Amino acid sequence: MMLMILNNLDPQVAQFPQELVTYGGNGQVFSNWAQFWLTMQYLSQMNEEQTLVMYSGHPLGLFPSNYGAPRIVITNGMVIPNYSSRQNYDNMFALGVTMYGQMTAGSYCYIGPQGIVHGTMITVLNAGRKYLGTDDLAGKVFVTSGLGGMSGAQAKAAVIAGCIGIVAEVSLDAVKKRHAQGWLHEMESDLDQVILRIRVARKAKEAVSIGYHGNVVNLWERLVEEYERTGQLLVDLGSDQTSCHNPFNGGYYPVQLGYEESQEVLAAEPDRFRNLVQKSLVRQVTAINKLAEGGMFFWDYGNAFLLEARRAGADVGVEGDPTSLKFRYPSYVQDLMGDIFSLGFGPFRWVCTSGNPADLQVTDQLAVRVIENILAEEVPPVVETQYQDNLRWIREAGQHHLVVGSQARILYSDRVGRTRLAQAFNCAVRDGTLQAPVVISRDHHDVSGTDSPYRETSNISDGSAFTADMAVQNCIGDAFRGATWVALHNGGGVGWGEAVNGGFGLVLDGTEEAARRAVLMLAWDVSNGVARRCWSGNKNALLATQAAMEEDTLLRITLPHEVQDEELLEAVVATQTPQIWNA
């Protein structure tokens, strides 16, 4: 656990380590260094009959528990709902009584930008299938923004997916950092040269990443100019990964100001800065709309971009229906990842605590073997596609030099894959093939980990998207099924008050007890969210749920078609809007 905390604050990994910020501009591990030192002292002294309780970064103390309980229970930003506003957060954070833990920052499970590399690769591949009707993205152009803590992964992911990635970034330091890492192939600050380079790369069907040092609004508007002047659409896929969950405190830079000037105005004239940000968002959406009308496909990357654009007055509503609360562009979960989550696939990850790259290589080989064995069994085509994508990923992972910080890996997998991977790793620790224990975890952005109506649960259409039972139940269930530590957070990705999410860490030390815990906890950790999605009538969720019940006789999930009471059905219908019921 100390290793995982230190990795979150490693200068190679963390965005602002001196401020205890891991990623996302304000996603913290602790809110002050006293909390850090107290926590590390407790962890160095505790035994397996104690649990450390963490209140929003503050170590409340060690309390007696038992061997089967979590060693740490973490809550971040738990605020009475009526007071969970952005202004109240600023006040409470200033007092030191709450903290924004993002997702894996405050739960000690961040593994660097590798996690978002894989997630973005999966997203782009599935966008190609859904929007462009192809598995081959050669010569296709993906335009987006952000080369920071999380968004910096986009350039690498685009190349692995086989397309041309154009990523705008206002910070020259961020552009240089990603270029020096080898994650960004080329840097350019001249828009004329960017357009020329796009044309050349399209013709040659290169897999290349190009960082534009400048504001993404200028890039979008220039692409519109080219389209209107030549009739040539130079972008096929588009998104945005600015930190729009925190747009008025440096998460989004307005096009009207340069980078340094923006920081000065933010500090001296915050109201003017806010106004400029909103005008910039309107301009950005206007350009995106024009390109979308020409055939580009755009999606919201779960960073609250469309939400903040709507608040700014941008035209992001459903065309022809100005009163609709729906957006004209889908969330990437709603349109792309939702079906994957419904199958139970999500960002499973592990850390080799030995710190030895050879151990990570062994786990990669074990993962290949596990996936190949699953594929040798009879699996539905929709499941096979996901496993094939991940088999390609894990086979190539070593050559892409993805490790930053701890020796960690991410792999999208379902209940079957996760439990078999955990068992394989635990056996390898037991027989000495691996030199030290392995920590398994996942991103909170997963099948069951997050309730977020504009992101993780945006494809749930039964009216429950704004409820948070799933994420809370998931944390509680993980805690008593064997997790080594658990966390529950307010916010994460889309911002304070916009989501509830949680995560876990589980140590595989080679014992039979570790294997038992892993199987029991991972089955719940996936099945919870899959079962919840059944009630939206999602065919993938029904497929995954029925398969799980056939395998586990102790599992019994209520399915929609089992509700036979006519009076009950009529009552349910009466409480739903026709649109929801028809869906």
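Residues numbered from 1 in each chain as written. Predicted model: local features only at pLDDT ≥ 70, side-chain atom pairs only at ≥ 80, totals over all residues. Heavy atoms only, no water.

With that out of the way, let us pick up the confidence of the model for the protein. Across the protein, pLDDT averages 91, with 94% of residues at or above 70. Contacts from residues 577-583, a stretch scored under 50 in pLDDT, to residues over four places away or in other chains number eight contacts. (pLDDT = per-residue confidence, 0-100. Contact = heavy atoms within 4.5 Å.)

Another point: the sheet that holds strand β7 (residues 164-169). Read across the sheet, six strands follow the order β8-β9-β7-β6-β10-β11 without closing on themselves; strand pairing throughout is parallel. Either end of the sheet is taken by a strand with one partner, and the two such strands are β8 (186-188) and β11 (297-298). Of the strand pairs in this sheet, strand β6 (residues 141-145) and β7 are connected by five bridges, and their pairing is parallel. Residue pairing in the sheet places Phe142 in a bridge with Gly165 of β7. Against the sheet, helix α5 (residues 154-161) touches β6, β7 and β9 (208-213), its axis set at about 170° to β6. (Pairing = 2+ DSSP bridges. Helix = DSSP H or I, 4+ residues; strand = E, 2+ residues; numbered from the N terminus. Axes fitted to C-alpha atoms, helices over the stretch in contact; angles between N-to-C directions.)

The subject of this paragraph is the pairing of strand β14 (residues 438-442). Burial analysis of β14 places five of its five residues in the buried class, which makes it a mostly covered element. Burial of β14 is two-sided: the residues Val438, Ile440 and Arg442 facing one way and the residues Val439 and Ser441 facing the other way are all buried. Sheet analysis places strand β12 (residues 346-352) next to β14, joined by five bridges and oriented antiparallel. Note on β14: the bridge partner recorded for Cys352 is Val438. One ladder, built from four bridges, connects β14 with strand β17 (residues 500-508); its direction is antiparallel. When the sheet's bridge partners are listed, Ile440 is paired in β17 with Leu506. (Buried < 20%, exposed > 50% of the residue type's maximum accessible area, 1.4 Å probe, protein only.)

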